[in-house]
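The primary structure of each chain is shown beneath.
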Number of protein chains: 2
Amino acid sequence: MALEMDERKTKILEAIIRNYLETGEPVGSRTISRYSELNLSSATIRNEMSDLEEMGYIIQPHTSAGRIPSDKGYRFYVDRMMADKEKEVSEMKDMVVEKADQLSELLKQVAKLLAFNTNYAAMITSPQIHRNKLKFIQLSKVDESSILAVIVVEGNILKNKLIPVSEPLDNDTILKLNLLLNTHLNGLSLEEINLGLITLIKEQAGIHTDVISSVIDAVAEAIRADENLEIYTSGANNIFRYPELTDNSRASEIINALEEKKELGELVSETLQAEEEGSHGIQVYIGSETKVGSMQDCSVVTATYELDEGMRGMMSIIGPKRMDYEKVAQTLKTLQEQLDSLYRKK
Amino acid sequence: MALEMDERKTKILEAIIRNYLETGEPVGSRTISRYSELNLSSATIRNEMSDLEEMGYIIQPHTSAGRIPSDKGYRFYVDRMMADKEKEVSEMKDMVVEKADQLSELLKQVAKLLAFNTNYAAMITSPQIHRNKLKFIQLSKVDESSILAVIVVEGNILKNKLIPVSEPLDNDTILKLNLLLNTHLNGLSLEEINLGLITLIKEQAGIHTDVISSVIDAVAEAIRADENLEIYTSGANNIFRYPELTDNSRASEIINALEEKKELGELVSETLQAEEEGSHGIQVYIGSETKVGSMQDCSVVTATYELDEGMRGMMSIIGPKRMDYEKVAQTLKTLQEQLDSLYRKK
DNA sequence: TGTTAGCACTCAACCCCATCGAGTGCTAAC
DNA sequence: GTTAGCACTCGATGGGGTTGAGTGCTAACA
């Protein structure tokens, strides 16, 4: 007969994990026997632990050592915890996001807050704004050889681009171009602006010089440009707090991943995909549950935020598997709420 | 009689340092005896080494160990090397800076190149543009409650700022303001734009509403804003290649310094100051020669670059004291030249 | 049938100690 | 001035014993 989880096993497993989260040391039967309200002898605990090991929830690093939670064990714990504790509105009042006028500053700030409050490494991506609508385009002449294009997207995200021109454009032409671009493109979402539309505009521009065509191309390019998501990280050095991550070359790998950001990109797409599929809110990846190679010894907790309609980004905490999941989830949730309301409420 | 440096001592010291740079292990007399063209017995070398130690150029970590270079020893080596080898135009052709249209992208790229080519950590600051001239200001109405100001500085650096306004401004007013700001401010260096001038403009704006006054203030503020220098780092994980930096909590400190960037700021001002004082080109700080606390176990090699008239920034390599100074200096010089010519030549 | 006490066993961690060898400083001879 | 020789130092390495936390198993108990 297959072994089954009962109440007592659950309690013991939880006690083991709790203890391990604190100490980072393998937990023995005696410890559980004494420091739990179960009032069972160590021998009984041993029997149960033996079962739990067989079921795959805990692991013995070597004979004659205590047990540590396996990925499966953590998973069980996290799932139970997530279900139970929807309570406790966090009270970290010191963690207030100030609205920075530069979005990048805001994100850097949030990353720092996350890292500082949790003592783990943190990252946050810039919001992806595909679905956002173009609000306003402004071309102006800077000097004989360059045109400035400013593009404002809903949510007041700015982009600018200096466009080099081979021959000067007179003010009239620029005015005309401005009008043309605005009438055609305003109100459209970035996704709706395609090649056909651009060609149409070029035709209507009437004067078929290369210069004008290249300006329009440059504008179109600038509009599409911000596909590249920015990733901000903070608290990389926090991983030195956890010996199990600092061993061997692990630290180097993790630091590298945080710096290179390419691998983090995979994490992002993984998260957003999961999010699409319905799992919503806070997600937890334990050890090998994430596909990112250098994070196999870590746990990653992610959350999405939505600054404004269609401007969704993602933030996450990266730490050891023995992470204080509750605190991390709380912290993420708090920040998530703050970000969500930041631009909307005003 | 004080001990003096002679040719043979110099050669021996150089051999010690060279060897130590390669191996990272204390160097014994026998090694030098065999692997140098001096053809001296180990005993003779020992005598000389004893002298060198007394003079402070080398250190014995403990009795019965070989010698390692002291900060002073490195300094001697570096000075000699810098004098000797002004030769060898580097030939790292693969290290080509591509002109990115975003300055920040360019700088990130350079930081990566530096780190990748040297296997040390690298940083680069954004250029400081105090002395640069204002080229063009553009105000435009984004919606009822915000005005966008775009400021172009010589060298085509862009700044923008969204200015919230309490009441809508009509297009005429904005046009007028544009004209006013441009006629008064264009061609002035950022330093020349002072409070008096701003007041003058406000007066001339005629209509003494709070709204207009606040817009002008906001523009002035945006002009002054870019004092904050950005610092880009790369290759932090390279320090894991050098055990002497990875010991204890050193790694954590260094990584933290690279991430926090505040300490790096000190480094920057230190460098720029030294530069002012005449020492020009490549500078080397060995161990305690830098004032930055977390870098006492490192060497820092810095160089300044000048993208365009008045746009000077600084880049540096951070690695162990046993750094390949020649290669690093070469790399910096190459990149320096590339950056210097990037915007000018065109 | 579940719980417990007792006991033999395992094994990493620690300390102690002997050995090894790279390296030195000194001295005497060339 | 250079070198050979030698005694000495001391970190590194590795074997061997001890310790202690922890286990699994068994037999007795409720």
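This part is about the overall build of chain A. Across its full length, chain A carries 12 helices and 10 strands. Split into buried and exposed, the 346 residues of chain A put 52% on the buried side. Contacts spanning at least 24 positions in sequence make up 61% of the contacts within chain A whose residues lie at least 6 apart. For chain A, the computed accessible surface area is about 16,600 Å², with 48% contributed by carbon and sulfur atoms.

This next bit is on the interface of chain A and chain B. Taken together, the 32 residues of chain A in the interface contact 32 residues of chain B. Buried area between chain A and chain B, both sides added, is near 2,600 Å², and the carbon and sulfur share of it is 55%. Contact with chain B buries area across many residues of chain A, yet Asn237(A), Phe240(A) and Glu259(A) alone supply 18% of it, more than any other trio. Put simply, chain A and chain B have 5 salt bridges between them. Between Glu260(B) and Lys112(A) there is a salt bridge, with the nearest N and O atoms lying 4.0 Å from each other. At the junction of chain A and chain B, the tally comes to 9 residue pairs in polar contact (both at pLDDT 80 or more).

Okay, the sheet that holds strand S5 (residues 146-153) of chain B next. All names here are of chain B. Strand order in the open sheet made by the 3 strands is S4-S5-S6, with antiparallel pairing throughout. With partners counted over all chains shown, the strands left at the sheet margins are strand S4 (134-143) and strand S6 (157-164), one partner each. Strand after strand, the sheet turns through a mean of 20° between neighbouring axes, direction not considered. Relative to S6, S5 runs antiparallel, the two sharing 8 bridges. Its bridge partner being in S6, Ile151 is matched across the sheet by Lys159. Its contacts with the sheet place helix H6 (residues 171-185) against S4 and S5, and it is angled at close to 165° to S4.

With that out of the way, let us pick up the nonpolar core. Formed by 207 residues in total, the largest nonpolar core has its most connected members in Val219(A), Tyr325(A), Val219(B) and Tyr325(B). The next biggest cluster of nonpolar side chains, apart from the first, holds 11 residues, and it includes Val142(A), Val150(A), Phe136(B) and Val142(B).

A word on unusual backbone geometry. Trans is the prevailing form of peptide bonds, just as negative phi is the prevailing case for residues other than glycine. You will see that Ser64(A), though not glycine, has its phi angle at about 65°, which is positive. Tracing the backbone shows Ser64(A) in the loop between strand S1 (58-59) and strand S2 (68-69). Located in the positive-phi region is Lys261(B), a residue other than glycine, with phi close to 70°. Note that Lys261(B) resides in the loop between helix H10 (250-260) and helix H11 (262-276). We classify Lys261(B) as partly exposed; its relative accessible area is 30%.

Surveying the vicinity of DNA strand C reveals 19 residues, the closest of which are Arg8(A), Thr44(A), Ser64(A), Ser29(B) and Arg46(B). When atoms of DNA strand C within 4 Å of the protein are split into backbone and base, the sugar-phosphate part holds 71%. At 2.6 Å from a phosphate oxygen of DNA strand C is found a side-chain nitrogen or oxygen belonging to Thr44(A). Counting only elements with at least two residues in the surface near DNA strand C, the list comes to helix H3 (42-55) of chain A together with helix H3 (42-55) of chain B. Each residue belonging to the surface near DNA strand C can be placed in one class, and the counts come to 4 nonpolar, 11 polar and 4 charged.

What follows deals with the packing of helix H1 (residues 7-23) of chain A against H3(A). All names here are of chain A. Interhelical geometry of H1 versus H3 gives an angle of 85° and a closest axis separation of 10 Å. In terms of orientation, H1 and H3 fall into the roughly perpendicular class. In this structure, H1 uses Arg8, Lys9, Ile12, Leu13 and Ile16 to contact H3, whose residues at the interface are Thr44, Ile45, Glu48, Met49, Asp51, Leu52 and Met55.

Of the transformation placing chain A onto chain B, the axial shift is 0.0 Å and the rotation is 179°, giving an RMSD of 0.2 Å. As the rotation angle and translation indicate, the two copies are arranged about a two-fold axis. When the interface residues of chain A are mapped onto chain B, 100% of them again lie at the interface, so the same face is used by both copies.

Turning next to the domain arrangement of chain A. Accessible area lost upon the coming together of the parts is a frequently used measure of interface size. Segmentation of chain A into domains returns domain 1 (7-69), domain 2 (106-126 + 230-343) and domain 3 (134-224). With centres defined by C-alpha atoms, the gap from domain 1 of chain A to domain 3 of chain A works out at 66 Å.

A few words now on the protein's contact with DNA strand D. Surveying the vicinity of DNA strand D reveals 19 residues, the closest of which are Ser29(A), Arg46(A), Arg8(B), Thr44(B) and Ser64(B). Those atoms of DNA strand D that come within 4 Å of the protein belong to sugar or phosphate at a rate of 77%. Here a phosphate oxygen of DNA strand D sits 2.8 Å away from a polar atom, N or O, in the side chain of Thr44(B). For DNA strand D, a base oxygen lies 3.3 Å from a polar atom in the side chain of Arg46(B). At the level of secondary structure, the elements contributing two or more residues to the surface near DNA strand D comprise H3 of chain A together with H3 of chain B. Taken together, the residues that form the surface near DNA strand D break down as 4 nonpolar, 11 polar and 4 charged.

Moving on to the sheet that holds strand S8 (residues 282-286) of chain B. All names here are of chain B. Strand order in the open sheet formed by 5 strands is S7-S3-S10-S9-S8, with antiparallel pairing between adjacent strands. Of all strands in the sheet, those with a lone pairing partner are strand S7 (231-234) and S8, marking the two edges. On average, adjacent strands in this sheet sit at an angle of 15° to one another, irrespective of strand direction. Here strand S3 (residues 121-125) pairs with strand S10 (residues 312-320) via 4 bridges, running antiparallel.

All names here are of chain B. Enumeration over the complete set of coordinates arrives at 37 salt bridges over all chains. Across the pair Arg67 and Glu53 runs a salt bridge whose closest N-O atoms are separated by 2.9 Å. Highlighted residues: Arg67 in the loop between strand S1 (58-59) and strand S2 (68-69) and Glu53 in helix H3, separated in sequence by 14 residues. Of the residues examined, Arg67 reaches a relative accessible area of 12% and is grouped as buried.

Turning to the environment of Ser126(A), a few remarks are in order. Note that Ser126(A) resides in the loop between strand S3 (121-125) and strand S4 (134-143). Sequence separation between Ser126(A) and Leu185(A) is 59 residues, and the spatial gap between their C-alpha atoms is 24 Å.

Quick look at the layout of surface pockets now. Approximately 800 Å³ is the volume attributed to the second largest pocket. Elements that contribute at least two residues to the lining of the second largest pocket include exactly S4 and helix H6 (171-185) of chain A together with S4 and H6 of chain B.

All names here are of chain A. For S3, a buried count of 5 out of 5 residues is recorded, marking the element as mostly surrounded by other parts of the structure. Looking at chain direction, S3 and strand S10 (residues 311-320) are connected through 4 bridges and run antiparallel. The residue bridging Met123 from the neighbouring strand is Ser316, located in S10. One ladder, built from 4 bridges, connects S3 with strand S7 (residues 231-234); its direction is antiparallel. From the neighbouring strand, Met123 faces S7, where its bridge partner is Thr233.

Rules of the game
- Residues numbered from 1 in each chain as written.
- Chains lettered and ligands numbered in written order.
- Predicted model: local features only at pLDDT ≥ 70, side-chain atom pairs only at ≥ 80, totals over all residues.
- Heavy atoms only, no water.
- Helix = DSSP H or I, 4+ residues; strand = E, 2+ residues; numbered from the N terminus.
- Buried < 20%, exposed > 50% of the residue type's maximum accessible area, 1.4 Å probe, protein only.
- Contact = heavy atoms within 4.5 Å.
- Areas by Shrake-Rupley, 256 points an atom, 1.4 Å probe, with all protein chains shown as cover.
- Buried area = accessible area lost by both parts, 1.4 Å probe.
- Salt bridge = Lys/Arg side-chain N within 4 Å of Asp/Glu carboxyl O.
- Polar contact = N/O pair within 3.5 Å; in protein donor to acceptor, adjacent residues only side chain to side chain.
- Pairing = 2+ DSSP bridges.
- Axes fitted to C-alpha atoms, helices over the stretch in contact; angles between N-to-C directions.
- Core = buried A, V, L, I, M, F, W, Y, C linked by side-chain atoms within 4.5 Å.
- Near = heavy atom within 4 Å.
- Nonpolar A, V, L, I, M, F, W, Y, C, P; charged D, E, K, R; others polar.
- Parallel < 35°, antiparallel > 145°, perpendicular 65-115°, else oblique.
- Least-squares fit on C-alpha atoms with pLDDT ≥ 70 in both.
- Domains from an automatic or database assignment.
- 1 Å grid on protein atoms, 1.4 Å probe; cavity = no way out; pocket = protein on both sides within 12 Å on 5 of 7 lines; lining within 4 Å.
- Points joined across faces, edges and corners; volume = space filled by probe spheres on them.

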